[in-house]
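Fold and contact review
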Amino acid sequence: MTLALPIAAHVRTEPVTRLLPAVVGATLTVPLVTGRTVAYANLDHAASAPCLTEVKAAVDELLPWYASVHRGAGFASQVCTKVYEQARHAVREFVGAHGTDAVVFTRNTTDSLNLLAGAVPRGTSVVLFDSEHHAALLPWRGPHVRRLPAPSSPGAAVRAVAAALAECPTGPRLVVVTGASNVTGELWPIAELADVAHRHGARIVVDAAQLAPHRPIDLRAYGADYLVFSGHKLYAPFGAGVLVGRADWLRAADPYLRGGGATAQVTEQGERLGVAWSQVPDRHEAGSPNVVGVHALAAACRTLSRDWDAIRAHESALTSRLRAGLGTVPGLRELSVFGPDSARVGVVSCTIDGQDPGLLAAALSAEYGIGVRDGAFCAHIFTRRLLAAHGTTGQRALRISLGIGSTAEHVRRLVGALRELVVAGPQWTYRQQDRRWTPTPDPRPLPPFLDSGCPTRVPR
C-alpha cells in the first residue's frame, strides 16, 4: 500500500467542449452564510449523481401511464409491464451481458450483493480484499470467507487472489472485487482477476457502483460472472439497482424476498402452505416492482452509451486539472493504494496536514457553495489503513468526485477555497453537533418546498 506525497504537476488540459448529456440542477444556486448565493459546485458524484435531463424526461413521459406490472389486465398496466421488461434488454446491452444471463432489478448495489450472498451454494468459499465498500464486505462473513489485505499493485492483487484460491477447500468459490475504488478512484484489474478466478474453478462478482458511471462495461470481455451497480450513482436517482449474471445459482436459491410475484402457485397442504416459486428473475423480485426507477435506470444506460468518448475525455481533463490544483494546496496528500500514476476514475480522496476534513467540508459548503464528502466512505477498514500509512491519527478523509455535471470552474473554485482555508482558516464560526461540523449561526434559508419546522437527522 502506498500513499502519494503532495502531488507533482500534472498535465493541465482543458475539458473538452463536445456536447455532454445535461443534468438536472446544472443551474442550481445555493445560499452562503455570508448572505450571497452562488452556483452550486457538486463535487460529490461518488455518493449520488444528479439526474440526467433525459432520465427526467423519460420518467415524466411514463408517469401518466403508471400502473401495476405483470399482473394487470388494464392497458396502462400492459404498457408498464412492457417498459419494465424492455429495461432488462437496455441493461443487458449496457453491460455487454450474455443472452442467457439473468437481469434482476433491486434497490441498489447493496441490495444486489446481499441477494447474491443469499443465493450462493452452502459452503461457498469467498475471497475478497478488505479494501471493499461495506456493501461488498459485510454480506460475506463466516468461516468460508478469506479476507485479504489491500494489495500494493494490480499485479499483487492478482497474485494474492490466486494464492488464496489455491488454498480454498474443494467446492464452489467466489471472488468479490470492486471495479473502481470509491475511496481512491483507482481501477482494479477485473479481467486479470476473472481469468485467475476461472483457472481455479471460481466465479467472480464485480461491484461496478463506481465504475459504471465513468467507463463503458463489457461483462463478456471482462470474463466476469456477475456484476452489480446502482441507478442513483448512474444519474438515475429513482431507487433502482441491478444484479446481472449467471442464472444457475439464482435459480437454485430460495427467493431473496417472499411474497407476490416470487410465487408461481400457493396451495394449502393441511395446516401448511405449499409454494411453487417463480422462475428467475421474478423469483427474486417479490412485491410491486419499481417500474419508475427501472425505467429511469434504462434511460440512463441508453443515454450514457451514446458517447462514452466525450464523457471519458471530459472526466480525464477535469481529473488532471483537479489533481494538479490539489498539488498546490499546502500539506495536501492524496490517498492511493496502487500509487499516484495508477489508472483511475474521477474520484480523489486526500488529507491536509493539521486540518479536520469535516470542518473543511462544512466550510467549503457554507462559505463557497461547494459540495464534497468527508468521512471513511463506507470503507472504514480501507480508509483508516490508508490514513495510518502516513501517520495520520484521524479516521476521516476528504473526497472530491467528478461527473458529467462537473466543470472547470467548479475545480478552480475548490482549489482556491482549499488554499484559502488552509492559509487563513474559515471565516465563519463552526461547532460540532452530532459529530458533524455546522456553521454557527447558520442563516442560510431552506428551499420553500422544505418544511423548516420539521426536525432533520444529520447524516453521519
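Please refer to the structure higher up on the page.
In short, a report on the structure. Not measured: the values here are computed from a predicted model. (Residues numbered from 1 in each chain as written. Predicted model: local features only at pLDDT ≥ 70, side-chain atom pairs only at ≥ 80, totals over all residues. Heavy atoms only, no water.)

So, about the pairing of strand S8 (residues 203-207). In terms of burial, S8 is a largely internal element, five of the five residues being buried. Along S8, one buried face is formed by Arg203, Val205 and Asp207 and the opposite face, lined by Ile204 and Val206, is buried too. As judged from the five bridges shared by strand S7 (residues 173-178) and S8, these two strands associate in the parallel manner. Bridging from a neighbouring strand, Thr178 pairs with Asp207 of S8. A crossover connection joins S7 to the parallel S8 through helix H6 (residues 190-199); in handedness this β-α-β unit is right-handed. Across three bridges, S8 lies against strand S9 (residues 226-230) in parallel orientation. Along S9, the bridge assignment pairs Asp207 with Val228. (Buried < 20%, exposed > 50% of the residue type's maximum accessible area, 1.4 Å probe, protein only. Helix = DSSP H or I, 4+ residues; strand = E, 2+ residues; numbered from the N terminus. Pairing = 2+ DSSP bridges. Right-handed = clockwise from strand over helix to strand, strands pointing away.)

A surface patch of nonpolar side chains, about 260 Å² in accessible area, is lined by Val266, Leu273 and Val275. Here Val266 lies in strand S11 (residues 263-269). (Patch = residues over 30% accessible without salt bridge, like charges linked within 9 Å, V, L, I, M, F, W, Y side chains within 5 Å. Areas by Shrake-Rupley, 256 points an atom, 1.4 Å probe, with all protein chains shown as cover. Salt bridge = Lys/Arg side-chain N within 4 Å of Asp/Glu carboxyl O.)

With that settled, consider the pairing of strand S5 (residues 125-129). Residues in a regular strand point their side chains to alternate faces of the sheet. The element S5 is extensively covered by neighbouring structure, given that five of its five residues are classed as buried. Every second residue of S5 is oriented toward a common face, with Ser125, Val127 and Phe129 on one face and Val126 and Leu128 on the other, all of them buried. Alignment of S5 against S7, held across four bridges, turns out to be parallel. The residue of S7 that forms the bridge with Val126 is Leu174. Note: S5 against strand S6 (residues 145-148), four bridges, orientation parallel. Each bridged residue has a counterpart across the sheet, and for Leu128 the counterpart in S6 is Arg147.

It is worth spelling out the pattern of salt bridges at this point. Summed over the entire model, instances satisfying the criterion amount to 22 salt bridges. As a salt-bridge pair, Glu167 and Arg146 come within 2.8 Å of each other at their nearest N and O atoms. A residue pair is termed long-range when its members are at least 10 positions apart, and Glu167 in helix H5 (residues 154-167) and Arg146 in strand S6 qualify at 21 residues. Relative accessible area serves as the criterion here: at 55%, Glu167 is assigned to the exposed category. With a closest N to O distance of 3.1 Å, Asp195 and Arg199 form a salt bridge. Highlighted residues: Asp195 and Arg199, both in helix H6, separated by four residues, approximately one helical turn. The exposure class of Asp195 is partly exposed, given its relative accessible area of 43%. The network of salt bridges with common partners includes Glu186, Arg323, Glu334 and Arg344.

Reading across the sheet, the seven strands line up as S4-S10-S9-S8-S7-S5-S6 and stay open at both edges, with mixed pairing between neighbours. Single-partner strands in this sheet number two, and they are strand S4 (102-106) and S6. Neighbour-to-neighbour, the strand axes of this sheet turn through a mean angle of 15°, independent of strand direction. Contacts from H6 reach S7 and S8, with the element oriented near 155° to S8. (Axes fitted to C-alpha atoms, helices over the stretch in contact; angles between N-to-C directions. Contact = heavy atoms within 4.5 Å.)

This brings us to H6. If you check which residues of H6 are buried, you get Ile190, Leu193, Ala194, Val196 and Ala197. In a view along the axis of H6, the buried residues occupy a sector of 170°, so they form one face of it. Looking at the buried side of H6, the elements it contacts are H5, S7, S8 and helix H7 (219-222). Phi turns positive, to about 70°, at Gly201, one or two residues after H6. (Arc of directions from axis to C-beta.)

Attention now moves to the packing of aromatic side chains. In this description, a pair of aromatic rings is defined by centroid distance and the angle of the planes. Per the counting criterion, the structure on display carries seven aromatic pairs. Here Tyr226 and Trp249 contribute two aromatic rings whose centre-to-centre distance is 6.1 Å and whose plane-to-plane angle is 25°, an arrangement assigned as stacked. A residue pair is termed long-range when its members are at least 10 positions apart, and Tyr226 in strand S9 and Trp249 in helix H8 (residues 248-252) qualify at 23 residues. Residue classification places Tyr226 among the buried residues on the basis of a relative accessible area of 0%. A relative accessible area of 10% means that Trp249 is categorised as buried. In textbook terms, an aromatic cluster arises when at least three aromatic residues are bridged by ring pairs, as seen for Phe94, Phe229 and Trp308. Lying over the aromatic face of Trp249, Arg203 brings its terminal NZ or CZ to 4.1 Å of the ring centre. (Phe/Tyr/Trp six-rings, centres within 6.5 Å; stacked < 30°, edge-to-face > 60°. Lys NZ or Arg CZ within 6 Å of the ring centre and 35° of its normal.)

This is a description of form; function is not addressed.
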